[in-house]
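Summary of structural features
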Amino acid sequence: MADLFANEPPSTPTEAAPSGSAPLADRLRPQKLEDVVGQEHLTGPEGAIGRMVAAGKLSSIILWGPPGTGKTTIARLLADAVGMRFVAISAVFSGVADLKKVFAEAKEYGRVGSTTLLFVDEIHRFNRAQQDGFLPYVENGTVVLVGATTENPSFELNAALLSRAQVLILNRLDAKALCQLLDRAEALMDRPLPLTAEARDALVATADGDGRFLLNQAETLFSIEVPEPLDPAGLSALLHRRVAVYDKDREGHYNLISALHKSIRGSDPQAALYYLARMLVAGEEPLYLLRRLTRAAVEDIGLADPQALVQCIAAKDTYDFLGSPEGELAIVQACLYLATAPKSNAAYAAQKAAWRSAKDTGSLMPPKNILNAPTKLMKNIGYGKGYAYDHDAPEGFSGDNYWPEEMEPQTFYEPVERGFEAKIRERLAFWEQRRKDLGKG
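Criteria and cut-off values
Residues numbered from 1 in each chain as written. Predicted model: local features only at pLDDT ≥ 70, side-chain atom pairs only at ≥ 80, totals over all residues. Heavy atoms only, no water. Buried < 20%, exposed > 50% of the residue type's maximum accessible area, 1.4 Å probe, protein only. Helix = DSSP H or I, 4+ residues; strand = E, 2+ residues; numbered from the N terminus. Pairing = 2+ DSSP bridges. Right-handed = clockwise from strand over helix to strand, strands pointing away. Phe/Tyr/Trp six-rings, centres within 6.5 Å; stacked < 30°, edge-to-face > 60°.

Considering the pairing of strand 4 (residues 143-149)
- Of all 7 residues in strand 4, 7 are buried; the element is thus mostly enclosed.
- Covered by surrounding structure in strand 4 are V143, L145, G147 and T149 together with V144, V146 and A148, the residues of both alternating faces.
- Pairing between strand 1 (residues 61-64) and strand 4: 4 bridges, direction parallel. Bridging from a neighbouring strand, W64 pairs with T149 of strand 4.
- Here strand 3 (residues 116-121) pairs with strand 4 via 5 bridges, running parallel. Within the sheet, the bridge partner assigned to T116 lies in strand 4 and is V143.

In structure tokens, the structure reads:
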């Protein structure tokens, strides 16, 4: 345990270079920022990190990005680049006692002019109270905080902490960056991967943007001996594809459902089917998707194609009857029907307008002529008097007024000129003209 009252700060253990027995991903960990692949928008001369390093002064930052994109590496190299003491903790394994010790040691180092860069992996795992604990030490410069998270900071981190740290977004590694990692691995191992060109491309695709996963797969391939390079089929038989990043209660879930809904609204059946497949393959609950499709049917199609809602309910009944995987075809059919149906949000807009009007006008009484009069008293005070029974009127339309006397007639529903709503629009126009002809418009 460090003596916090000593004149000299406790020594900082030096980290040994990865040995030949260390995992390949550790042995290939970049030694300088310019070696980090796929994040040039941050580490380059014009990037936020590049500018900080050039100025020799770091501010607290939150590194937000998918797994295996270099968050830990960047934090370590940042400390090296500006000569800061580097301390790393994980929110998964650390608690209040660990943080107190880190802050106390950082204060001691600060007294002799050494600034501590505190790297907190999985920072979103700390609860709100724990996150608040960072604030005074970040504000007074005891530590420069570099937090790493795979979750949207807007949802997972305190607003107070976000106001004191710059959020930097790391990109999912693209094919070019992943290929660079494989090139470095082959150079380190002094031999090529035992793969055909097509299999090498397939290996990159299996990583789904995760550099660490790719290097772990490459390490497995370097450890085997095969008589000839593997083709894509041989690679698939040997290695597993990385499971897609998808948490049902996290941002990825909401991003995909938003993309599905907007693809349907935008009448792109191919994209809609792709996002539907992404969610189903990742294990999303089919009934959740059916609920969202039904919502899209009433919000974005409505009466432009009344069968859209029928298709969704039928798909739900079919899925209940067949289950997975057979019943998923009914979900696909409903999705494609919605994406290819004529679009209208007229009913949705009408609902919102009617709700606003109902709140604004309070408890206005409907006109007495359209009120039922089940008792003699109600008849005597005029309930139902003068009601025109529309089926007895020419064209089945009396043109009567149905609005409260204190309120002017409103127009909430304005059908579009697409699909079935085009016919509804014609019918409403006909009735409006009839009102004028009857002198009631």
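With respect to the pairing of strand 3
- Within strand 3, 5 of the 6 residues are buried, which leaves the element mostly enclosed by the surrounding structure.
- Taken together, the 6 bridges between strand 2 (residues 85-90) and strand 3 define a ladder with parallel strand orientation. Its bridge partner being in strand 3, V87 is matched across the sheet by L118.
- Traced from strand 2 through helix 5 (residues 96-111) to strand 3, the parallel crossover comes out right-handed.

Quick look at unusual backbone geometry
- Residue P325 follows S324 across a cis peptide bond; omega there is 5 degrees.
- Mapped onto the elements of the fold, P325 is located in the loop between helix 17 (307-322) and helix 18 (328-340).
- Positive phi, close to 60 degrees, is recorded for D190, a residue that is not glycine.
- As for its placement among the helices and strands, D190 is situated in the loop between helix 10 (175-189) and helix 11 (197-207).
- A relative accessible area of 69% means that D190 is categorised as exposed.

Focus on the packing of aromatic side chains
- A complete count under the given rule lists 7 aromatic pairs for this structure.
- Between the aromatic rings of F103 and F134, the centroid separation amounts to 5.9 Å while the plane-to-plane angle is 90 degrees, which identifies the pairing as edge-to-face. Here F103 is found in helix 5, whereas its partner F134 is found in the loop between helix 6 (128-132) and helix 7 (135-139), with 31 residues between them in sequence.
- Aromatic pair F126 and F134: ring centres 5.7 Å apart, planes at 55 degrees, arrangement tilted. Of the two residues, F126 and F134, neither departs from the other in class, the shared state being buried.

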